[in-house]
Amino acid sequence: MNDVAVIGAGMTVFQRRLKETGKELSYLATKMALEEAGITKKDIDMVVMGSAPDAFDGIHQKGENLLDGAAGAGKPYVRVFNGGGTGVFAPIAGWWHVASGVADIALVVCEEKMGNCYPHPQTAFRHIWDPILDRPLAPNLVWLFAMEMNRYMTKYNIKKEDIARVAVKNKRNAVGHPCAQLPDEKITIEDVLNSEMMAWPVQRLDISPPSDGASALILCSKDKVRQFTDDPVWVDGVGWNIDSTMWTNRDLCFPRYVANAARMAYKMAGIHNPRKDIDFAEPYDPFDYKELHHMEGLLLCNKGEAPILTREGVTERDGDMPMCPSGGLMGVGNPIAATMGQKVCELYWQLAGKAGKRQIPGDPLVGVGQAWGDIMQMATVAVLRRG
Amino acid sequence: MAKKIEGSPGYAPGTRVSTKDIVENKISYTWWEPEIQYSWSLGQAMSKFLVGLKNGKILGRTCIKCDRVLVPPRMFCEHCYGPTDNWIELKDTGTIETFSISYLDSDARRIKKPILIGVISIDGASPLHGFMHYFGEMTKDEIHIGMKVKAVWKSPREREGAITDIKYFKPLKGGGKK
């Protein structure tokens, strides 16, 4: 396999509604990534598009709709999709384009426009449930996460305030992010605990917002990378794994599919002791408890230990193991696939020392990003390393 | 383009719009309401399972090789990837494995009277094996993980072969206390 480096990244503003079309957003994110890499469309060999359920945009097979905005016209182009896992799976697909040797430079573009959907993007989520067993009960997707969160809290005796800490940390971290939708320097644990009850134990400020947005990433083979940079950031390992769709037959306390994906990525990256070898992480945080759940799934701490480490400040940007220094989905926003901007682009920016106000102190060497999707079953993991 | 920012991303392209901008026609947009219907075949396992519900019974399927009793039933086992073996009638009692108290309907509209919803592992099936359903005859303060519950069925005349032939699960006698 060829070694694969990141040479550019870009993202748009994330917001509940953006004026631009999905195609235009794809163009804006891609342009930024091309500028950072110092290349143009003609230098791109192949394009990967990541976008989650068609039902948000309301355009079926939206890969085709987005094509021209993603610099894909006239090139080998493919759209990949696995729900919330797409934001890290799209760069994984980009990685194998380059690692396999079929492309020297691959562009990865992720887009989501949830603001198109009325009365609420939640309405689109109605159509992902099993039509025979689940839909007659008129479910809301938040139920799933409420049930998983409850099981996790109950099993490990976790207090709601220790989960709320994640929302506070990430919304504060997002203050340094120019694209952020919900940065909040002054938010407190009490604000989260006093926010509207949606589906117990999930409250309004436990949830990331629906958003519009796009992000882009440019991957390059080892053979070509020295043309662009002397200090490359490498994609050292990738992993993905999915658990059974029979979610009512699974223990929801521990995301074993995340652990499987992490082990795959760590093995490829030569990481034997993730707690020691990884400097920071961007675990998927569409809900505050998910950051904790995923820290454990990524084998960065023991089961049930993530809330304790968070309380002790270990996961703050200046802590021993920063989590979501970008501000995550909780702070920057959650345009499903486009969260590649926080989960992979951010790893690149941090490792390249380009994260500005969000920069983790101490020159981090290795970061892991992760996304999660489908019916609480899909995990996608990428390990990036400096130099 | 937005102004240059120190660090990456170096600027923040995109134009934020609010709901107010749309309501007040400050931005141009177009509208579409899809009209579409579906009919789904139930397949082998679900057909039998739903007929069971119509008759007031919860049916499972055994996988002898994996020593599992599967509910919801399926015709093949996702672990050993072999065919499952036999139909088995389970009890209509079980345990709450997890739950939520929802103030949202399926369109994320706010509702005053919360829906009690959760996963019930069914007695006689393998551990954790069960399905999602409503809870009733208990308050939001009484419901808890580990609570023993029993199905409350619609009358035989009302049943139609659907998961909603069970109205909800209620506390099993003596099972309502924490």
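Nothing here was measured: the structure is a model prediction, and the numbers come from that model. (Residues numbered from 1 in each chain as written. Chains lettered and ligands numbered in written order. Predicted model: local features only at pLDDT ≥ 70, side-chain atom pairs only at ≥ 80, totals over all residues.)

## Here we look at the overall build of chain B
Thinking step 1. Secondary structure assignment for chain B yields two helices and eight strands.
Thinking step 2. Secondary structure of chain B in N-to-C order comes out as α-α-β-β-β-β-β-β-β-β.
Thinking step 3. Whereas a compact globule of 178 residues would reach a radius of gyration of roughly 16 Å, chain B reaches 24 Å, over 25% beyond that.
Thinking step 4. Oriented by its inertia axes, the alpha-carbon framework of chain B measures out at about 65 × 40 × 40 Å.
Thinking step 5. Out of the 178 residues in chain B, the part that is buried amounts to 32%.
Thinking step 6. Of all intrachain contacts in chain B linking residues separated by at least 6 positions in sequence, the fraction that spans at least 24 positions is 49%. (Helix = DSSP H or I, 4+ residues; strand = E, 2+ residues; numbered from the N terminus. Rg over C-alpha atoms; globule rule 2.2 N^0.38 Å. Buried ≥ 20, exposed ≤ 12 C-beta atoms within 10 Å, placed from the backbone. Contact = placed C-beta atoms within 7 Å.)

## Observations regarding the interface of chain A and chain B
By convention, interface size is frequently given as the accessible area that disappears when the constituent parts associate.
Thinking step 1. With 54 residues of chain A in contact, the opposing surface of chain B contributes 44 residues.
Thinking step 2. Counting only elements with at least two residues in the side of chain A that touches chain B, the list comes to strand 1 (4–11), helix 1 (22–37), helix 5 (121–125), helix 6 (141–156) and strand 5 (197–200) of chain A.
Thinking step 3. The biggest single contributor to the side of chain A that touches chain B is helix 6 of chain A, with seven residues.
Thinking step 4. Here the side of chain A that touches chain B is built from residues that sort into 29 nonpolar, 14 polar and 11 charged. (Nonpolar A, V, L, I, M, F, W, Y, C, P; charged D, E, K, R; others polar.)

## Let's talk about the sheet that holds strand 3 (residues 87–90) of chain B
Residues and elements named next belong to chain B.
Thinking step 1. Within the open sheet, the three strands sit side by side as 2-1-3. Their pairing is antiparallel. At either margin of the open sheet sits one strand with a lone partner, and together these are strand 2 (68–70) and strand 3. When strand polarity is set aside, the average angle formed by the axes of neighbouring strands in this sheet is 40°.
Thinking step 2. In terms of strand pairing, strand 1 (residues 58–63) meets strand 3 through four bridges, oriented antiparallel. The residue of strand 3 that forms the bridge with Gly60 is Ile88. (Pairing = 2+ DSSP bridges. Axes fitted to C-alpha atoms, helices over the stretch in contact; angles between N-to-C directions.)

## What about the sheet that holds strand 7 (residues 212–221) of chain A?
Adjacent strands of a sheet form backbone hydrogen bonds with each other and so pair up, either parallel or antiparallel.
All names here are of chain A.
Thinking step 1. Taken together, nine strands build an open sheet; the order of strands is 3-2-4-7-1-8-11-10-9 and the sheet is mixed. Looking at which strands have only one partner, the edges of the open sheet turn out to be strand 3 (77–80) and strand 9 (280–282). Sheet twist, expressed as the average angle between the axes of neighbouring strands with direction ignored, equals 25°.
Thinking step 2. Where strand 8 (residues 233–242) and strand 11 (residues 378–386) come together, nine bridges link them in antiparallel fashion. Within strand 11, the residue paired with Asn241 across the bridge is Ala379.
Thinking step 3. Along the sheet, helix 10 (residues 256–269) makes contact with strand 8, strand 10 (366–373) and strand 11, crossing strand 8 at roughly 150°.

## Some words on unusual backbone geometry
Thinking step 1. With an omega of 0°, the peptide bond between Tyr118 of chain A and Pro119 of chain A qualifies as cis.
Thinking step 2. Its location among the elements puts Pro119 of chain A in the loop between strand 4 (105–113) and helix 5.
Thinking step 3. The omega torsion across Ser8 of chain B and Pro9 of chain B is -5°, close enough to zero to call that bond cis.
Thinking step 4. When you line up the elements, Pro9 of chain B lands in the segment before helix 1 (19–23).
Thinking step 5. Despite not being glycine, Gln61 of chain A has its phi angle at roughly 55°, a positive value.
Thinking step 6. Mapped onto the elements, Gln61 of chain A comes out in the loop between helix 2 (54–57) and helix 3 (62–66).
Thinking step 7. Its 9 C-beta neighbours within 10 Å are what place Gln61 of chain A among the exposed residues.
Thinking step 8. Not every positive phi belongs to a glycine, and Tyr81 of chain B is a case in point at roughly 60°.
Thinking step 9. As for its position among the elements, Tyr81 of chain B is in the loop between strand 2 and strand 3.

## So, the confidence of the model for chain B
Thinking step 1. In the predicted model, chain B carries a mean pLDDT of 93, and the fraction of residues at 70 or more is 95%.
Thinking step 2. For this predicted complex, the interface confidence comes out at an ipTM of 0.94, alongside a pTM of 0.96. (pLDDT = per-residue confidence, 0-100.)

## Focus: the pairing of strand 1 of chain A
All names here are of chain A.
Thinking step 1. Among the eight residues of strand 1, eight are classified as buried, and the element is accordingly described as predominantly covered.
Thinking step 2. Here strand 1 runs beside strand 7; their pairing, made up of seven bridges, is antiparallel. If you follow Val4 over to strand 7, its bridge partner there is Ser221.
Thinking step 3. Pairing of strand 1 with strand 8, which is carried by three bridges, proceeds in the antiparallel orientation. Within strand 8, the position partnered with Val6 by the bridge is Val233.

## A look at the nonpolar core
Residue and element names in this part refer to chain A.
Thinking step 1. Grouped together as the largest cluster of nonpolar side chains are 168 residues, with contacts concentrated most on Val6, Leu217, Leu219 and Tyr348.
Thinking step 2. No other element matches the nine residues that helix 6 contributes to this core.
Thinking step 3. In this structure, Tyr348 is in contact with Val6, Ala9, Val233 and Leu384, ignoring residues within four places of it in sequence. (Core = buried A, V, L, I, M, F, W, Y, C linked by C-beta atoms within 7 Å.)

## A look at helix 2 (residues 43–54) of chain B
Residue and element names in this part refer to chain B.
Thinking step 1. When the terminal C-alpha atoms of helix 2 are compared, their 16 Å separation across 12 residues agrees well with the 16 Å that a helix rising 1.5 Å per residue should span.
Thinking step 2. Taken as a whole, helix 2 has its buried residues at Met46, Phe49, Leu50 and Leu53. For helix 2, the buried positions fall inside an angular range of 95° around the axis, keeping them on one side.
Thinking step 3. Where helix 2 is buried, its residues touch strand 1 and strand 8 (166–171).
Thinking step 4. Looking one or two residues past helix 2, Gly56 carries a phi angle of roughly 80°, positive in sign. (Expected span 1.5 Å × (residues − 1). Arc of directions from axis to C-beta.)

## As for helix 1 of chain A
Residues and elements named next belong to chain A.
Thinking step 1. With 16 residues, helix 1 extends 23 Å from end C-alpha to end C-alpha; this agrees with the ideal 22 Å at 1.5 Å per step.
Thinking step 2. Across the 16 residues that make up helix 1, a large majority, 12, are buried.
Thinking step 3. Among all positions of helix 1, only Gly22, Leu25, Ser26, Tyr27, Leu28, Ala29, Thr30, Met32, Ala33, Leu34, Glu36 and Ala37 are buried.
Thinking step 4. Where helix 1 is buried, its residues contact strand 1, helix 2, helix 3, strand 4 and strand 7.
Thinking step 5. Two residues or fewer past helix 1, Gly38 is found with a positive phi of approximately 75°.

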